[in-house]
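The chain contents come next:
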Amino acid sequence: MTKKPKEIVGQVFLNIFFIVLCFITLVPILYALSVSFSNQNGLLSSDFSFIPKDFTFANYKEVLFGEDIMTWFGNTILLAVATVGLSLTVAVPAAYCFSRRRFPGRKAIIKCLILLNSFPAILSMFAIYRLLRPLGLINNRLGLIIVYVGTMSVFSLWNTKGYFDTIPTALEESAQIDGANTFQIVIKIVLPLARPSIIVTALMVLIYVWNEYIYATTFMTGEKTYTLAAGLNSLQATEMQGSWPVFAAASIVVSLPVLIIFFLCQKYMTSGLTAGGVKG
Amino acid sequence: MKKKTKITLKSYLWSSPSLLLIGLIVVFPIFYTAYISMTNMNVYHWFDYTVIGFDNYFKALFMFDSGFLSALLATIIWTLVNMILQLVIAYVLATLLNNPKLKLRRFYKTLLMFPWAMPGYVSILLWKTGMFNTEFGLLNQLMTKLGLATYHWLSNDLSAFICCTIVNLWLALPFMIMIIDGAMQSIDKSYYEVAKLEGANWIQRAYYVTVPTIKPIIAPAVIITIFTTFKQFDVVYLLTQQAGSKTGSGFHTILTFAYENAFIASNYGYSSAISIIIFILLIVFSATFKLKEEGDR
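Asker: Honestly, the overall build of chain B in this entry has me stumped. Any pointers?
Answerer: Each helix and strand counted, chain B has 13 helices and zero strands in total. Along chain B, helices (α) and strands (β) appear in the sequence α-α-α-α-α-α-α-α-α-α-α-α-α when read from the amino end. Over its C-alpha atoms chain B spans a radius of gyration of 24 Å, topping by over 25% the 19 Å that the globule rule assigns to 297 residues. Oriented by its inertia axes, the alpha-carbon framework of chain B measures out at about 80 × 75 × 35 Å. Contacts in chain B between residues at least 24 apart in sequence constitute 63% of all its contacts with a sequence separation of at least 6.

Structure follows, in structure tokens:
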């Protein structure tokens, strides 16, 4: 009983510590949020507060109704849907074969893939440029889709294969006895069971496309073909140019979908990120 | 015998789209880069480049003023500093989060996850403008308020290194806290009770119970993080080295150094040689980790 006051003090301190910590952590985001609602002129005055001065929606209006950003948004959605769709279409049959079939070269290929995948994607850029240019795939959405699917394909293959390995084969065997062919087995039995890994793979590919800016700016020239990431990059406010409030508003708009997806699927995230390269 | 051939053929057929894409986007660039690394391709020799053997490798590894070795050293220091800070801070925060008296832990955890959930490049650009910028940056507004002169945070090597480290920690800590927190929750509480009965204080409990128990659980995530830290590009590039708005800092990780040599200096032969050296380093690292992991089993 004598311990109680000390415990309460400890608890209060712990909570204060975490409140301060959370606040400090969120400062860059809160500041951007506050600026995004501020009138341009209000910013130059030096008293700063986290409550926007001269509250306005003008920056969001400019972001949402300015033509460019909507074009970039459309480009990103198109790229993301195509990349995710293609990634899964390509990865699932391959993952199924590598998980269920035994054939010569299987183990060697798996080992090589993991090894070769450690080559940082950014260092491949020059070679890929030289490969795609003669094919007319530079400044072409299809080119960028191929690059994205290819870059993520080792991850997609590995992640889905790893999960397929954990599904018992008994169901598939009995379906086979009942006369189902492989295609039916994959669609009707394996895929529904593998839903968590399919979701994680799709999300990872989606977030990758959403966040990728280096290939998007190097391979696509001209503002009309930019993705959101590339466009945001060009909107950056520097000392010389650009509007910081508009940039802040655009940042918030671009981040929102990712934030929503992240917090909806949080329970899958940790496993999805670690499962990839580990189970060697 | 015939059935086996059929299975092999079918498997390769169904895997071919995936393997073909991997071949084009992952495998081809490595071989092409290896080839270019043996040539003198650069801005003066775009089409008429010739094979010059291992000169580029020699330049990278034995000529100190070519910059690669100092970038490599900086990258190793960068990885060490970041990993140590990350593990220590994440461990302390996860311990505090696991305090049974903390009722709001879920709430705090959700807030602390934000830096991980935000798109990385957006966060980095927000830090660059919102925090470090000389005009609108919070840090400089604070300096002005305190009556100090504004400071170009990203313009010299050391302060750029510190700023990059802060941003990298901000981005990476949530994942590490999550991993360590998850591992701590899997520890059987009775271990602590026994340790307490034996009279162990909290340092001893951490040293003899917590750390050895969570070590194998967090090892894969830590190894992955070591690699991503070593291969860090976005933080350093976006904060200090962006084409057209360089801040004047000379701090490079090996990846930004390779990028700079290829796309800014157009020195493709040399940059390719660096890429291959980085690749070999990464393979050697992962082989070492793997051997160690198998040895531990």
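Read on, since the account is not over.
Asker: Can you walk me through the overall build of chain A in this structure?
Answerer: Secondary structure summary: chain A contains 13 helices and zero strands in total. Reading the helices (α) and strands (β) of chain A from amino to carboxyl end gives α-α-α-α-α-α-α-α-α-α-α-α-α. Expressed as a percentage of its 280 residues, the buried residues of chain A come to 37%. Nonlocal contacts in chain A, meaning residues at least 24 apart in sequence, comprise 69% of its contacts between residues at least 6 apart.

Asker: Whenever I open this one, the packing of helix H7 (residues 170-177) of chain A against helix H8 (residues 182-193) of chain A confuses me. Can you help?
Answerer: A pair of packed helices can be characterised by two numbers: the angle between their axes and the separation between those axes. Residue and element names in this part refer to chain A. It is the contact of H7 with H8, at a shortest axis distance of 10 Å, that shows an interaxial angle of 145 degrees. Where H7 crosses over H8, the two elements pack in a sense that is right-handed. For the pair formed by H7 and H8, the contact residues are Leu171, Glu172, Ala175 and Gln176 on the first element and Ile185, Ile189 and Val190 on the second.

Asker: Quick question: what am I supposed to make of the interface of chain A and chain B here?
Answerer: Many structure descriptions define interface size as the accessible area lost when the parts assemble. Of the residues lining the interface, 69 residues belong to chain A; the matching set on chain B comes to 70 residues. Sorting elements by how many residues they give to the side of chain A that touches chain B places helix H1 (residues 4-36) of chain A first, with 11 residues. Classifying every residue of the side of chain A that touches chain B gives 47 nonpolar, 19 polar and three charged.

Asker: Any chance you could explain the environment of Tyr121(B) here in plain terms?
Answerer: All names here are of chain B. Its location among the elements puts tyrosine 121 in helix H6 (residues 120-132). Accessibility expressed as a C-beta count within 10 Å gives 23 for tyrosine 121, which makes it buried. Along the primary structure tyrosine 121 and leucine 239 are separated by 118 residues, whereas in three dimensions their C-alpha atoms are 9.8 Å apart.

Asker: I tried to follow the domain arrangement of chain A on my own but got confused; where do I start?
Answerer: Residues and elements named next belong to chain A. We note that the domain assignment places domain 1 (4-44) and domain 2 (71-278) within chain A. For domain 1 versus domain 2, the distance between C-alpha centres works out to 35 Å. Grouping the constituent residues of the side of domain 1 that touches domain 2 by class yields four nonpolar, three polar and no charged.

Asker: Would you take a moment to explain helix H9 (residues 195-211) of chain A for this structure?
Answerer: Three or four residues apart is the spacing at which side chains of an α-helix point the same way, because the helix has 3.6 residues per turn. Here H9(A) contains 17 residues, and its C-alpha end-to-end distance of 24 Å stays within 8% of the 24 Å for a straight helix at 1.5 Å per residue. Taken together, the buried positions of H9(A) are occupied by Ser197(A), Ile198(A), Val200(A), Thr201(A), Met204(A), Val205(A), Val209(A) and Trp210(A).

Asker: What is the right way to look at the confidence of the model for chain A in this model?
Answerer: Any region with low pLDDT has predicted coordinates that should not be read closely. Here chain A shows a mean pLDDT of 84. Residues at 70 or above account for 88%. Here residues 274-280 of chain A scores under 50 on pLDDT; set against residues more than four positions off or in separate chains, the count is 13 contacts.

Asker: When you look at the environment of Ala258(B) in this model, what are you seeing that I'm missing?
Answerer: Along the chain, Ala258(B) turns up in helix H12 (residues 254-264). Exposure remark for Ala258(B): the 28 C-beta atoms within 10 Å place this residue in the buried category. Distance from Ala258(B) to Gln86(B), taken between C-alpha atoms, is 26 Å for residues 172 residues apart in sequence. Excluding residues that lie within four positions of it along the chain, Ala258(B) makes contacts with Leu123(A), Ser271(B), Ile274(B), Ser275(B) and Ile278(B).

Asker: Quick question: what am I supposed to make of H1(A) here?
Answerer: Compared with an ideal rise of 1.5 Å per residue, which puts 33 residues at 48 Å, H1(A) spans 46 Å between its outermost C-alpha atoms and is within 8% of the ideal. Residues of H1(A) that are buried: Phe18(A), Pro28(A), Ile29(A), Tyr31(A), Ala32(A), Val35(A) and Ser36(A). Buried residues belonging to H1(A) abut helix H2 (58-65) and helix H12 (244-264) of chain A together with helix H4 (105-112), helix H5 (114-117), H6 and helix H7 (138-145) of chain B.

Asker: Even after reading the chapter, I still don't get unusual backbone geometry, so can you show me in this structure?
Answerer: Trans peptide bonds make up most of the peptide bonds, and negative phi angles are found at most residues other than glycine. One non-glycine residue, Asn139(A), adopts positive backbone phi at about 65 degrees. Secondary-structure assignment places Asn139(A) in the loop between helix H5 (125-132) and helix H6 (141-166). Given 14 C-beta atoms within a 10 Å radius, Asn139(A) is considered partly exposed. A positive phi angle, close to 55 degrees, is found at Ser266(B), a residue other than glycine. Mapping Ser266(B) onto the fold places it in the loop between H12 and helix H13 (268-296).

Asker: It is not clear to me how the confidence of the model for chain B should be interpreted in this structure. Could you clarify?
Answerer: Residue and element names in this part refer to chain B. Chain-level pLDDT for chain B is 88 on average; 97% of the residues reach the 70-or-more range. Per-element confidence in chain B ranges from a low mean pLDDT of 83 for H7 to a high of 95 for helix H3 (residues 68-97). Predicted complex metrics record ipTM = 0.85 and pTM = 0.88.

Cut-offs used in this document
- Residues numbered from 1 in each chain as written.
- Chains lettered and ligands numbered in written order.
- Predicted model: local features only at pLDDT ≥ 70, side-chain atom pairs only at ≥ 80, totals over all residues.
- Helix = DSSP H or I, 4+ residues; strand = E, 2+ residues; numbered from the N terminus.
- Rg over C-alpha atoms; globule rule 2.2 N^0.38 Å.
- Contact = placed C-beta atoms within 7 Å.
- Buried ≥ 20, exposed ≤ 12 C-beta atoms within 10 Å, placed from the backbone.
- Axes fitted to C-alpha atoms, helices over the stretch in contact; angles between N-to-C directions.
- Left-handed = near helix turned anticlockwise from the far one by under 90°.
- Nonpolar A, V, L, I, M, F, W, Y, C, P; charged D, E, K, R; others polar.
- Domains from an automatic or database assignment.
- Expected span 1.5 Å × (residues − 1).
- pLDDT = per-residue confidence, 0-100.

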